[in-house]
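# Inside the fold
Residue strings, one per chain:
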Amino acid sequence: MKVALVHDWLVTHRGGERVLDALCELFPSADLYTLIHQPGSQSPRIDDRRITTSFLQHIPGIHSRYRHFLPLFPRAIEALRISGDYDLVLSSSHCVAKGIHAPPGVPHLSYVHAPMRYMWDLFDEYFGPGRTRLPVRAAALAVRPYLQHWDRTSTQRVGRIVANSQHIAGKIRRFWDRDASVVPPPVELERFTQMPLEGGGQGGYFLWLGAFAPYKRLDVALEAFRTLDTPLWVVGTGQEASRLTSGPLPPHIRFLGNVPDSALPALYRDARALLFTPEEDFGITPLEAQATGRPVIAFGKGGALETVTSKTGLFFPEQTSASLAAAVRQFDAWEQSFRPEDARAQAERFSRARFQQAIQAEVDALLGMSPSSPTV
């Protein structure tokens, strides 16, 4: 079967790109279409295949400034022509990838990480007061109706939609008026389950890990730990780095920047717990932490409710520093009943093999349908 894979952009290697890597393994001869590609930014399994980019690729400095061109993304993905005798188009989409025009008669399956979150329910997380400059907010408000309309109507080009969580399936129903089946994304368990369960948490620190994007709410963790006399280690960087790292912070809050992938299993295993502050579409890091045998303290909304259980973590009910600080204070008593083997067993439910088997089943279901009869 000849497959065309479509992904929004290939600039960083995060959760969405790990899903794409698993899709590339499932379809090893597939061609890849994307808005922009920075060579060397991806795994060899992605970088080494034939990649076709949009006209945005030719803009100087695009790889570091691509977010500024968001209003052009719909036009760019629609202008990206899939040329070839394909049997299937499979898009991996959190922005515009699902809006590509498949060749006539070719079925299109879209794996959706999220509707365009910064134009829907998380608009204020990205463009609200204090988040960005007034001219940027004004521009975002101006293009929001157009991007919402495009995001909704372009789904009619998709024959079958698969969401990464029940949480996202609900948003797809609410924003797009479409139904979606659910296939959780894969976790690279092998890297993390090799760590011994014994001796976890010996580092004595709580760990926050992720991109410094507005909706990730690192600010909630930083403010909470200003009031707590316990170590917090922060891994990552991103668009909010200058805002979040400016000004004095207590000495027990430590920024590590980006760390090599090879160092992550030990960082997870030595942490007392992972802090998970966003309302995430799904969230890979809680499962990585659980695979090493460590618990999670998570905001009790969104994808975390599908990956963390009462045996493997604590939930804080409000996305505030006070709510998180209260959960951290409760953790001492809660962890007395925590068993690392429960955390690892929970993570093992989300293996790469299970993901690939489920995606193959979704493909088979689509190909058994008429391409002109999308599931709505």
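For the structure itself, consult the block above.
Residues numbered from 1 in each chain as written. Predicted model: local features only at pLDDT ≥ 70, side-chain atom pairs only at ≥ 80, totals over all residues. Heavy atoms only, no water.

Turning our attention to the overall build of the protein chain. Helix and strand counts for the protein chain come out as 16 helices and 13 strands. Compactness check: the protein chain gives a C-alpha radius of gyration of 21 Å against a globular reference of 21 Å for 376 residues, within 12% of the reference. Along the longest, intermediate and shortest principal axes, the C-alpha atoms of the protein chain span 60 × 45 × 35 Å. Sorting the 376 residues of the protein chain into buried and exposed places 57% on the buried side. Roughly 15,400 Å² of accessible area belongs to the protein chain as shown, and the carbon and sulfur atoms make up 52% of that amount. (Helix = DSSP H or I, 4+ residues; strand = E, 2+ residues; numbered from the N terminus. Rg over C-alpha atoms; globule rule 2.2 N^0.38 Å. Buried < 20%, exposed > 50% of the residue type's maximum accessible area, 1.4 Å probe, protein only. Areas by Shrake-Rupley, 256 points an atom, 1.4 Å probe, with all protein chains shown as cover.)

The next point concerns the side chain of Ser-93. Its location among the elements puts Ser-93 in strand S4 (residues 88-93). Accessibility expressed as a relative area gives 1% for Ser-93, which makes it buried. Here the side chain of Ser-93 touches Lys-98 through a polar contact of 3.2 Å, landing on its backbone nitrogen. In this structure, Ser-93 is in contact with Asp-8, Lys-98, Ser-110, Tyr-111, Val-112, His-113 and Ala-114, ignoring residues within four places of it in sequence. (Polar contact = N/O pair within 3.5 Å; in protein donor to acceptor, adjacent residues only side chain to side chain. Contact = heavy atoms within 4.5 Å.)

Per the stated rule, a full pass over the model turns up 19 aromatic pairs. On the basis of an interplanar angle of 65 degrees and a centroid distance of 6.0 Å, the ring pair of Trp-208 and Phe-212 is categorised as edge-to-face. Each residue in the set Tyr-118, Phe-123, Tyr-126, Phe-127 and Tyr-215 is aromatic and connected to the rest through ring pairs, giving one cluster. In this arrangement the basic side chain of Arg-144 is found over the ring face of Phe-123, its NZ or CZ atom lying 4.3 Å from the centre. (Phe/Tyr/Trp six-rings, centres within 6.5 Å; stacked < 30°, edge-to-face > 60°. Lys NZ or Arg CZ within 6 Å of the ring centre and 35° of its normal.)

Attention now moves to the sheet that holds strand S9 (residues 232-235). Pairing within the open sheet is parallel, and its 6 strands lie in the order S10-S9-S8-S11-S12-S13. Each having just a single partner strand, strand S10 (253-257) and strand S13 (313-316) make up the two edges of the open sheet. Each strand of the sheet is rotated relative to its neighbour by a mean of 25 degrees, with strand direction disregarded. Taken together, the 4 bridges between strand S12 (residues 296-299) and S13 define a ladder with parallel strand orientation. Note that in S13 the partner of Phe-299 across the bridge is Phe-316. Across the sheet, helix H14 (residues 321-334) is in contact with strand S8 (206-209), strand S11 (273-276), S12 and S13; its angle to S13 comes to roughly 155 degrees. (Pairing = 2+ DSSP bridges. Axes fitted to C-alpha atoms, helices over the stretch in contact; angles between N-to-C directions.)

In this section: the nonpolar core. Core analysis: the largest hydrophobic core is formed by 48 residues, its most contacted members being Trp-9, Phe-73, Met-116 and Tyr-118. Elements with a minimum of two residues in this core: strand S1 (3-7), helix H4 (73-79), helix H5 (123-127), helix H6 (134-153), strand S6 (160-163) and helix H7 (166-176). Here this core gets 5 residues from one element, more than from any other, and that element is H7. The next biggest cluster of nonpolar side chains, apart from the first, holds 29 residues, and it includes Val-220, Leu-228, Ala-241 and Ala-325. (Core = buried A, V, L, I, M, F, W, Y, C linked by side-chain atoms within 4.5 Å.)

All right, on to the side chain of Ser-351 then. Checked against the element boundaries, Ser-351 lands in the loop between helix H15 (340-347) and helix H16 (352-367). Once residues lying within four places of it in the same chain are set aside, the contact partners of Ser-351 are Pro-186, Val-187 and Leu-189.

Summarising the element assignment, Arg-329 is placed in helix H14. The spacing of Arg-329 and Leu-228 is 101 residues in sequence and 8.5 Å in space, taken between C-alpha atoms.

Across the two faces of strand S2 (residues 31-34) the burial is the same, with Asp-31 and Tyr-33 and Leu-32 and Thr-34 all buried. Bridge analysis of S1 against S2 gives 4 bridges, and the strand direction is parallel. From the neighbouring strand, Val-6 faces S2, where its bridge partner is Tyr-33. Considered for its hand, the β-α-β crossover made up of S1, helix H1 (residues 15-26) and S2 is right-handed. Bridge count between S2 and strand S3 (residues 51-53): 3 bridges; the pairing is parallel. (Right-handed = clockwise from strand over helix to strand, strands pointing away.)

One pass over the structure, following the stated rule, counts 22 salt bridges. Within this structure, Asp-21, Glu-25, Arg-45 and Arg-352 form a network of salt bridges that share partners. (Salt bridge = Lys/Arg side-chain N within 4 Å of Asp/Glu carboxyl O.)

Here we take up the sheet that holds S2. With parallel pairing, 7 strands are arranged side by side in an open sheet as S3-S2-S1-S4-S5-S6-S7. Of all strands in the sheet, those bounded by a partner on one side alone are S3 and strand S7 (181-182). In the packing of H7 onto the sheet, the strands contacted are strand S5 (108-112), S6 and S7, and the crossing angle to S6 comes to about 135 degrees. Contacts between H16 and the sheet are confined to S4, S5, S6 and S7, with S5 contributing the most and set at about 145 degrees to the helix.

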